[in-house]
Amino acid sequence: MPLTLADFASRCHAILARDGGPAGRAEVAALLREALRDEAFVAAQFGPDAPERRIVYEDPQLGFCILAHEYRGAKESPPHDHASSWAIYGQAQGETAMSDWDLLEAATTEQPGRVRKVRDYVLRPGDAHVYNEGDLHSPSRAGPTRLIRIEGTNLEKVRRLKYRPA
């Protein structure tokens with residue numbers, strides 16, 4: 001029986017209701033890896049005119065969101081965190097080159113923080129990676145990609161600070 005968004009969201013909810021911390025998020029990432037192997041599930045999250053960022057589910061009780069991200073061309077993002085939230089990136093199609101960063105100087109609302117790159121790696125289809133609160137990273141995509149991402153809260157409503165490489 002194919003996985004539906006409702007089933008996937010329900011399973012995520014059950015895990016996060018039991019353990020909303022890093023261990024629960026790791027379980028959700030494992031569940032997302034399984035979902036990414038289901039071609040029908042992945043295809044159902046994207047449409048021909050899908051925007052770059054689309055919330056496909058927002059949990060009314062816990063507040064986490066499931067998003068479909070579709071990048072039609074190359075795109076690079078600066079180092080960032082998810083403020084007081086977390087995110088799980090699930091690579092559905094294409095590849096995302098990811099860099100992790102260490103914080104050297106904290107950001108303020110007036111001044112970007114300074115960071116130092118510590119490692120590079122690639123997210124390939126079927127990979128899912130957890131970024132906990134405060135984890136700094138920067139994605140880069142050389143071509144079309146699709147991701148299914150889970151955020152601890154709707155990041156459109158969260159003020160995030162800026163960072164720059166040292």
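Residues numbered from 1 in each chain as written. Predicted model: local features only at pLDDT ≥ 70, side-chain atom pairs only at ≥ 80, totals over all residues. Heavy atoms only, no water.

> Just to check I follow, could you spell out the overall build of the protein for this structure?
Counting its secondary structure elements, the protein contains three helices and 10 strands. In the protein, the succession of helices and strands from N to C terminus is α-α-α-β-β-β-β-β-β-β-β-β-β. In terms of C-alpha radius of gyration, the protein reaches 16 Å, essentially the compact-globule figure of 15 Å for 166 residues. Across its three principal axes, the protein shows a C-alpha extent of roughly 50 × 35 × 25 Å. (Helix = DSSP H or I, 4+ residues; strand = E, 2+ residues; numbered from the N terminus. Rg over C-alpha atoms; globule rule 2.2 N^0.38 Å.)

> Is there a simple way to explain the side chain of Ser-138 in this structure?
Mapping Ser-138 onto the fold places it in strand E8 (residues 136–141). Side chain to side chain, Ser-138 and Trp-101 meet in a polar contact 2.9 Å long. For Ser-138, the residues in contact, after removing those within four places along its chain, are Ser-77, Pro-78, Pro-79, Ala-97, Met-98, Ser-99 and Trp-101. (Polar contact = N/O pair within 3.5 Å; in protein donor to acceptor, adjacent residues only side chain to side chain. Contact = heavy atoms within 4.5 Å.)

> Looking at this structure, I do not really get the nonpolar core. What am I missing?
One broad rule of soluble globular proteins: the nonpolar side chains tend to lie buried together. The biggest cluster of nonpolar side chains holds 26 residues, and the ones touching the most others in it are Phe-8, Leu-32, Ile-66, Ile-88, Ile-148 and Ile-150. At the level of secondary structure, the elements contributing two or more residues to this core comprise helix H1 (5–18), helix H2 (22–36), helix H3 (39–44), strand E2 (65–71), strand E4 (87–93), strand E7 (128–131) and strand E9 (145–151). Considering each element in turn, this core owes the most residues, six residues, to H2. Once you skip the residues sitting within four places of it in the chain, Ile-88 turns out to touch Arg-25, Val-28, Ala-29, Leu-32, Ala-128, His-129, Val-130, Ile-148, Arg-149 and Ile-150. With eight residues, the next largest nonpolar core counts Tyr-89, Met-98, Leu-123 and Tyr-131 among its residues. (Core = buried A, V, L, I, M, F, W, Y, C linked by side-chain atoms within 4.5 Å. Buried < 20%, exposed > 50% of the residue type's maximum accessible area, 1.4 Å probe, protein only.)

> I'm lost on the packing of H1 against H2 in this one. Help?
To describe two helices that pack against each other, one gives the angle between their axes and the distance between the axes. Here H1 crosses H2 at 165 degrees, and the two axes come no closer than 8 Å. Classified by the angle their axes make, H1 and H2 are roughly antiparallel. Seen along the crossing, H1 lies across H2 with a hand that is right-handed. Note on element contacts: H2 touches H1 through Gly-24, Arg-25, Glu-27, Val-28, Leu-31, Leu-32, Glu-34 and Ala-35, opposite Phe-8, Arg-11, Cys-12, Ile-15, Leu-16 and Arg-18. Classifying every residue of the contact of H1 with H2 gives eight nonpolar, one polar and five charged. (Axes fitted to C-alpha atoms, helices over the stretch in contact; angles between N-to-C directions. Parallel < 35°, antiparallel > 145°, perpendicular 65-115°, else oblique. Left-handed = near helix turned anticlockwise from the far one by under 90°. Nonpolar A, V, L, I, M, F, W, Y, C, P; charged D, E, K, R; others polar.)

> I'm lost on H1 in this one. Help?
Along an α-helix, residues three or four positions apart point the same way, because every turn accommodates 3.6 residues. Over its 14 residues, H1 runs 20 Å from end to end, which matches the ideal 20 Å to within 8%, given 1.5 Å per residue. Among all positions in H1, only Phe-8, Ala-9, Cys-12, His-13, Ile-15 and Leu-16 are buried. Summarising the contacts, the buried residues of H1 are in contact with H2, H3, strand E1 (53–58), E2 and E9. (Expected span 1.5 Å × (residues − 1).)

> I tried to follow the packing of aromatic side chains on my own but got confused; where do I start?
Remark: the centre distance and the inter-plane angle together describe each pair of aromatic rings, the angle taken between the planes. A complete count under the given rule lists three aromatic pairs for this structure. With a centroid separation of 5.8 Å and an interplanar angle of 45 degrees, the aromatic rings of Tyr-57 and Phe-64 are classed as tilted. Look at Tyr-57 and you get partly exposed, because its relative accessible area is 23%. Taking the relative accessible area as the measure of exposure, Phe-64 reaches 1% and is therefore buried. With a centroid separation of 5.1 Å and 75 degrees between ring planes, the pair formed by Tyr-89 and Tyr-131 is classed as edge-to-face. In this pair, Tyr-89 is assigned in strand E4 and Tyr-131 in strand E7, connecting sequence segments 42 residues apart. You can call Tyr-131 buried: its relative accessible area is 1%. Over the face of the ring belonging to Tyr-121 we find Arg-119, whose NZ or CZ atom lies 4.0 Å from the ring centre. Of note, Arg-149 hangs over the ring of Tyr-89, and the distance from its end group to the ring centre comes to 5.0 Å. (Phe/Tyr/Trp six-rings, centres within 6.5 Å; stacked < 30°, edge-to-face > 60°. Lys NZ or Arg CZ within 6 Å of the ring centre and 35° of its normal.)

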